[in-house]
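Here is what each chain is made of, one letter per residue.
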Amino acid sequence: MKVYIAGKITGLNNYKELFESVEKSLVKQGHAVLNPAVLPSGFTQDEYMHMCYSMIDVCDGVFFLNNWKDSRGAKLEHDYAIEQGKWIKYQRRSL
């Protein structure tokens, strides 16, 4: 399955490591993973959301990190994933 990772990025110092850890775990489970934490800097929040929605579009589902409710963008991604009929899975424990 193709999986997009959603969670808090803005204001979180270790977001790259957190997303990378989850990505590795999902890949070990046999998933193809899209990780927004590897997008380049220099874009506006709206531009990032456009990119993220496009990534969600090509995935089967979205894996939400425990901190997703602390992120405006991840909450928008949650609503979008539901609207698009994607399966949703939530992180059950801290990594």
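In every chain, residue numbers begin from 1 and rise along the written sequence. Given that this is a predicted model, residues contribute local features only at a pLDDT of at least 70 and side-chain atom pairs are listed and counted only at 80 or more, while totals for whole chains, interfaces and linings are drawn from all residues. The side-chain quantities take in all heavy atoms of the structure and omit both hydrogens and water.

J.: Is there a simple way to explain the pairing of strand E3 (residues 61–64) in this structure?
T.: On any regular strand, side chains alternate: one points to one face of the sheet, the next to the other face. Partly exposed residues are those whose accessible area sits between 20% and 50% of the maximum for their type, while under 20% is buried and over 50% is exposed, using a 1.4 Å probe and protein chains only. Counting from the N terminus, the helices are DSSP H or I runs at least four residues long and the strands are E runs at least two residues long. Burial of E3 is two-sided: the residues Gly61 and Phe63 facing one way and the residues Val62 and Phe64 facing the other way are all buried. The pairing of strand E1 (residues 2–6) with E3 spans four bridges and is parallel. Paired with Ile5 across the two strands is Phe63, which belongs to E3. The pairing criterion for strands is at least two bridges between them, as found by DSSP. Where E3 meets strand E4 (residues 87–90), four bridges bridge the pair, whose relative direction is parallel. Following the sheet pairing, Val62 is matched in E4 by Ile88.

J.: Please clarify how helix H2 (residues 45–57) should be interpreted in this entry.
T.: Here H2 spans 18 Å end to end across 13 residues, near enough to the 18 Å set by a 1.5 Å rise per residue. Considered for burial, the residues of H2 that qualify are Tyr48, Met49, Cys52, Met55 and Ile56. Angular distribution of buried residues about the axis of H2 spans 120°; they occupy a single face of the element. Exposed side chains of H2 directed beyond 90 degrees from the buried face belong to Asp46 and His50. Elements in contact with the buried residues of H2: E1, strand E2 (32–34), E3 and helix H3 (72–83). A helix is expected to span 1.5 Å multiplied by its residue count minus one. The directions from the helix axis to the C-beta atoms are what the arc is built from. Here, two residues are considered to be in contact whenever any of their heavy atoms come within 4.5 Å of each other.

J.: What should I look at first to understand the layout of surface pockets in this one?
T.: A probe as big as a water molecule, rolled over the atoms, marks out the empty space that is left. Only protein atoms enter the 1 Å grid, on which a cavity is a set of points fitting a 1.4 Å probe that cannot get out and a pocket is an open set with protein on both sides within 12 Å along at least 5 of 7 lines, lining residues being those with an atom within 4 Å of a point. Grid points are joined across faces, edges and corners, and a volume is the space filled by probe spheres set on the points. Roughly 420 Å³ of internal volume is contained in the largest pocket. Along the walls of the largest pocket sit 25 residues, with Ile9, Thr10, Pro36, Gln45 and Tyr48 positioned nearest its centre. Counting residues per element, the ones that place at least two in the lining of the largest pocket are E1, helix H1 (15–28), H2 and H3. Per-class residue counts for the lining of the largest pocket are 14 nonpolar, six polar and five charged. Asp, Glu, Lys and Arg are counted as charged, while Ala, Val, Leu, Ile, Met, Phe, Trp, Tyr, Cys and Pro are counted as nonpolar; the rest, among them Gly, fall into the polar class.

J.: I would appreciate a short explanation of the nonpolar core in the present structure.
T.: Soluble globular proteins tend to pack their nonpolar side chains together in the buried interior. In plain words, nonpolar cores are sets of buried Ala, Val, Leu, Ile, Met, Phe, Trp, Tyr and Cys residues tied together by side-chain atoms within 4.5 Å. By size, the foremost hydrophobic cluster in this structure holds twelve residues: Tyr4, Ala6, Cys52, Met55, Ile56, Cys59, Val62, Phe64, Trp68, Ala74, Tyr80 and Ala81. At the level of secondary structure, the elements contributing two or more residues to this core comprise E1, H2, E3 and H3. Beyond its immediate stretch of four places on either side in the chain, Ile56 contacts Tyr4, Val62, Glu77, Tyr80 and Lys86. Listed in part, the ten residues of the second largest apolar core include Val3, Ile5, Phe63 and Leu65.

J.: Whenever I open this one, the state of the cysteines confuses me. Can you help?
T.: Such a bond, covalent and formed between the sulfur atoms of two cysteines, is termed a disulfide. Disulfides are defined as pairs of cysteine sulfur atoms found within 2.5 Å of each other. Throughout the structure, instances matching the rule amount to zero disulfides. For Cys52, which is in no disulfide, the shortest distance to another cysteine sulfur is to Cys59 and amounts to 11 Å. Overall, Cys52 belongs to the buried group, its relative accessible area being 6%.

That is the geometry; function is a separate question.
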